[in-house]
Amino acid sequence: MRSGQEAERFDDYDRAVVEYTKAVREKPDDRNARLALDRAKLKASTAHYERGRRMAANRRFEEALLEYQLAAELNPTNADVDRELTATRNALRAKVAVAAEGQTALEALIQRTRDMAPAGQDLPQDVKLADTLVFGDASARAVYTTIARFADLNLVFDPAFRDSNISIDLRNVTLGDALTSVSSATRNFYRVTAPRTITIIPDTPAKRREYEEEIVRTFYLSNADLKETIDLLRIVIDARKIAPITGTNS
């Protein structure tokens, strides 16, 4: 608590957040520690928001975006931060060359790759659905199950999947087009999670992050304390994605 209070006196609100977080972790029932942490988060969010505005005014949009993202992490309820985040992302898109169909080059790349299966786990390419496959007010679960049976696929539903009714015509379409159409209509997406196995998942940012492929990288620290570095990173990165290796200070 003393370290957090000292950081606040020097307007180092990010450091205050880290110190108060330690205090709350050690004493979860300490009301004063929780109030101090909430106060520090609000002050830190405001500081990042103001820095973001200054950088955006100078057209330093990449840096402004980072500041706004930090502000949003620290205070998710601030509508002003959300508005500036959207405006800054739009400004960044405007700097990228426009590709076909009105998309930026980056957006087009994401659109092409976001539903690609992991290497070696592609959908069967020789499957074409029957010419009688028409659904009227049928449950999405039943539609997915029927498609999987035609294609001889194993089907898994994410625990957060919620069924809904759909009317759709899938006569003579390919397997990939059928899955894409049903997923788009029901606000889901699918992933090939094992050979001849697909998983149906609600299309939310959290689920996209959960199912996306990731690269693991190790950073070796030569002039920094491992625990202190991780504590600092926790205010900007999902802590579940950081793992210390004490033997090599990395």
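The text that follows walks through the structure, step by step, so that each part is easy to find.

Quick notes on the rules
- Residues numbered from 1 in each chain as written.
- Predicted model: local features only at pLDDT ≥ 70, side-chain atom pairs only at ≥ 80, totals over all residues.
- Heavy atoms only, no water.
- Helix = DSSP H or I, 4+ residues; strand = E, 2+ residues; numbered from the N terminus.
- Buried < 20%, exposed > 50% of the residue type's maximum accessible area, 1.4 Å probe, protein only.
- Contact = heavy atoms within 4.5 Å.
- Areas by Shrake-Rupley, 256 points an atom, 1.4 Å probe, with all protein chains shown as cover.
- Expected span 1.5 Å × (residues − 1).
- Polar contact = N/O pair within 3.5 Å; in protein donor to acceptor, adjacent residues only side chain to side chain.
- Salt bridge = Lys/Arg side-chain N within 4 Å of Asp/Glu carboxyl O.
- Axes fitted to C-alpha atoms, helices over the stretch in contact; angles between N-to-C directions.
- Parallel < 35°, antiparallel > 145°, perpendicular 65-115°, else oblique.
- Nonpolar A, V, L, I, M, F, W, Y, C, P; charged D, E, K, R; others polar.
- Phe/Tyr/Trp six-rings, centres within 6.5 Å; stacked < 30°, edge-to-face > 60°.
- Lys NZ or Arg CZ within 6 Å of the ring centre and 35° of its normal.

Description of the overall build of the protein
Phase 1 of the analysis: Helix and strand content of the protein: 10 helices and 5 strands.
Phase 2 of the analysis: Counting only residues that meet the buried cut, the protein has 34% of its 250 residues in that class.
Phase 3 of the analysis: Here the contacts in the protein between residues at least 6 apart in sequence split such that 55% fall between residues at least 24 apart.
Phase 4 of the analysis: For the protein, the accessible area works out to roughly 16,100 Å², and carbon and sulfur atoms hold 50% of it.

Examining helix 3 (residues 31-57)
Phase 1 of the analysis: When the terminal C-alpha atoms of helix 3 are compared, their 39 Å separation across 27 residues agrees well with the 39 Å that a helix rising 1.5 Å per residue should span.
Phase 2 of the analysis: Those residues of helix 3 not exposed but buried are Ala33, Ala36, Leu37, Ala40, Ala44, Ser45, His48, Tyr49, Gly52, Met55 and Ala56.
Phase 3 of the analysis: A side-chain oxygen of the first residue of helix 3 lies 3.0 Å from the backbone nitrogen of Asn32; this N-cap is Asp30.
Phase 4 of the analysis: One or two positions beyond helix 3, positive phi appears at Arg59, with a value near 60°.

Re the pattern of salt bridges
Phase 1 of the analysis: Scanning the model with the defined rule gives 12 salt bridges in all.
Phase 2 of the analysis: The closest approach of N and O atoms between Lys207 and Asp158, which form a salt bridge, is 3.0 Å. Pair noted here: Lys207 is in helix 9 (residues 205-211) and Asp158 is in the loop between strand 2 (154-157) and strand 3 (165-169), with a separation of 49 residues, a long-range link.
Phase 3 of the analysis: In this structure Lys207 comes out as buried when scored by relative accessible area, which is 16%.
Phase 4 of the analysis: One network of salt bridges, with partners in common, ties together Arg15, Glu19, Lys22 and Glu228.

A short note on the packing of helix 1 (residues 2-9) against helix 2 (residues 13-26)
Phase 1 of the analysis: Between helix 1 and helix 2, the least distance of the axes is 8 Å, while the angle of their chain directions is 170°. Comparing the axis directions of helix 1 and helix 2 gives the class roughly antiparallel. Contact residues: helix 1 offers Ser3, Gly4, Gln5, Ala7 and Glu8, while helix 2 offers Tyr13, Arg15, Ala16, Glu19 and Tyr20.
Phase 2 of the analysis: Of the residues contributing to the contact of helix 1 with helix 2, the split by class is 4 nonpolar, 3 polar and 3 charged.

A closer look at the packing of aromatic side chains
Phase 1 of the analysis: One pass over the structure, following the stated rule, counts 4 aromatic pairs.
Phase 2 of the analysis: The interplanar angle of 75° and the centroid separation of 6.2 Å between the aromatic rings of Tyr144 and Phe157 together place this pair among those described as edge-to-face. In this pair, Tyr144 sits in helix 7 (residues 140-151) while Phe157 sits in strand 2, placing the two residues 13 residues apart along the sequence.
Phase 3 of the analysis: Its relative accessible area of 18% is what places Phe157 among the buried residues.
Phase 4 of the analysis: Centroid distance Phe157 to Phe161: 4.7 Å. Interplanar angle 45°. Geometry classified as tilted.
Phase 5 of the analysis: Ring pairing ties together the aromatic residues Tyr144, Phe157 and Phe161, which thus form one cluster.
Phase 6 of the analysis: One cation-aromatic arrangement involves Arg141 over Phe157; the distance from NZ or CZ to the ring centre is 4.3 Å.
Phase 7 of the analysis: Directly above the aromatic system of Phe189 lies the positively charged group of Arg208, at a separation of 4.1 Å from the ring centroid.

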